[in-house]
Amino acid sequence: MGGGAGFRVNRYVTLAADVTGIVAGVNGRPVGWSAGLQLGIPHTPHTFSLMATNVTSGTLQGTSTGVEGEVFWGFEFTVPFSGFARWGKILNPDGDTGTSDQVVSAPSPLADSVGTTVRWVNKDPVAHNTTGNRGEWDSPLIGPGETFEVTFTREGDFAYLCTPHPFMEATIRVVQP
């Protein structure tokens, strides 16, 4: 028998613990336990955890008993495989990756006049940025709900991408009015 609990300190920090073999140790061995500090990385789907346990397998279910007088330390970094549309160009670089409801879809190239200010609005739950391929601009990370603007003062084609997600790319065509 086993159980666990987590206490959410705030949006990004959780304290967690679990025990197994509570009713009776197996062959006189102590109960298995683990404790951890789980950290959500802001504006990303990733987490980082620091853990301590007295169990020698990767999971409490793998052994159900602890090792007397021992504490093992470890860490874990998660990279979720949800949102496969974002991985589309990596997994199928020559194919159509479809669209995602979290990515602004626009014709490429997007046409604007000289003097136009373009505003990027991040409607995604993770941070993005926008960087001109020739260094014309380089935004900081744009968190969920945040914006970034660039005013185009000359005509030309301006290719850009999101540096944390280089498969997110587009072009803005700027013309004389």
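Just above, that's the structure.
For clarity, every value in this text was computed on a predicted model and none was experimentally measured.

Visitor: Looking at this structure, how should I read the overall build of the protein chain?
Guide: Looking only at helices and strands, the protein chain has two helices and eleven strands in total. Of the regular secondary structure in the protein chain, the N- to C-terminal order runs β-β-β-β-α-β-α-β-β-β-β-β-β. A separation threshold of at least 6 residues defines the contact pool for the protein chain, and within that pool the share at least 24 residues apart is 45%.

Visitor: Just checking my understanding: could you explain the sheet that holds strand S1 (residues 2-8) for this structure?
Guide: Note on sheets: strands pair through backbone hydrogen bonds, and any given pair is parallel or antiparallel. Overall, antiparallel pairing links the five strands, which are arranged S1-S2-S3-S4-S5 in an open sheet. Each end of this open sheet is capped by a strand with a single partner; those strands are S1 and strand S5 (72-78). Taken over all neighbouring pairs, the strand axes of this sheet differ in orientation by 15° on average, direction set aside. Bridge count for S1 against strand S2 (residues 13-20) is seven bridges, and the pairing is antiparallel. Across the sheet, Gly4 pairs through a bridge with Asp18, a residue of S2.

Visitor: Sorry if this is basic, but what is going on with the side chain of Thr53 here?
Guide: By the secondary structure assignment, Thr53 is in strand S4 (residues 47-53). Residue Thr53 is classed as buried on the basis of its relative accessible area of 16%. Among the polar contacts listed, one links the side chain of Thr53 to the backbone oxygen of Trp33, at a separation of 2.6 Å.

Visitor: Explain the nonpolar core to me, please; I cannot follow it from the model alone.
Guide: Counting eleven residues, the largest nonpolar core is built from Val118, Trp120, Trp137, Ile142, Phe148, Val150, Phe152, Phe158, Tyr160, Ile172 and Val174. Within the residue set of this core, elements represented by two or more residues are strand S7 (117-121), strand S9 (147-151), strand S10 (156-162) and strand S11 (165-175). Setting aside residues up to four positions removed in sequence, Phe152 forms contacts with Val114, Gly115, Thr116, Val118, Trp137, Phe158, Ile172 and Val174.

Visitor: Teacher, can you tell me more about the packing of aromatic side chains here?
Guide: We describe a pair of aromatic rings using the distance from one ring centre to the other and the angle between the two ring planes. Counting across every chain of the model gives seven aromatic pairs. On the numbers, 6.2 Å between centres and 40° between planes, the contact of Trp120 with Phe148 is tilted. With Trp120 in strand S7 and Phe148 in strand S9, this residue pair connects regions lying 28 residues apart in the sequence. For the pair Trp120 and Phe148, one class covers both residues: buried. When the ring of Trp137 is compared with that of Tyr160, the centres are 6.0 Å apart and the planes differ by 50°; the resulting orientation is tilted. In this pair, Trp137 sits in the loop between strand S8 (131-132) and S9 while Tyr160 sits in strand S10, placing the two residues 23 residues apart along the sequence. In this structure Tyr160 comes out as buried when scored by relative accessible area, which is 15%. Here the aromatic residues Trp120, Trp137, Phe148, Phe152, Phe158 and Tyr160 are joined through ring pairs into a cluster of three or more.

The rules behind these values
- Residues numbered from 1 in each chain as written.
- Predicted model: local features only at pLDDT ≥ 70, side-chain atom pairs only at ≥ 80, totals over all residues.
- Heavy atoms only, no water.
- Helix = DSSP H or I, 4+ residues; strand = E, 2+ residues; numbered from the N terminus.
- Contact = heavy atoms within 4.5 Å.
- Pairing = 2+ DSSP bridges.
- Axes fitted to C-alpha atoms, helices over the stretch in contact; angles between N-to-C directions.
- Buried < 20%, exposed > 50% of the residue type's maximum accessible area, 1.4 Å probe, protein only.
- Polar contact = N/O pair within 3.5 Å; in protein donor to acceptor, adjacent residues only side chain to side chain.
- Core = buried A, V, L, I, M, F, W, Y, C linked by side-chain atoms within 4.5 Å.
- Phe/Tyr/Trp six-rings, centres within 6.5 Å; stacked < 30°, edge-to-face > 60°.

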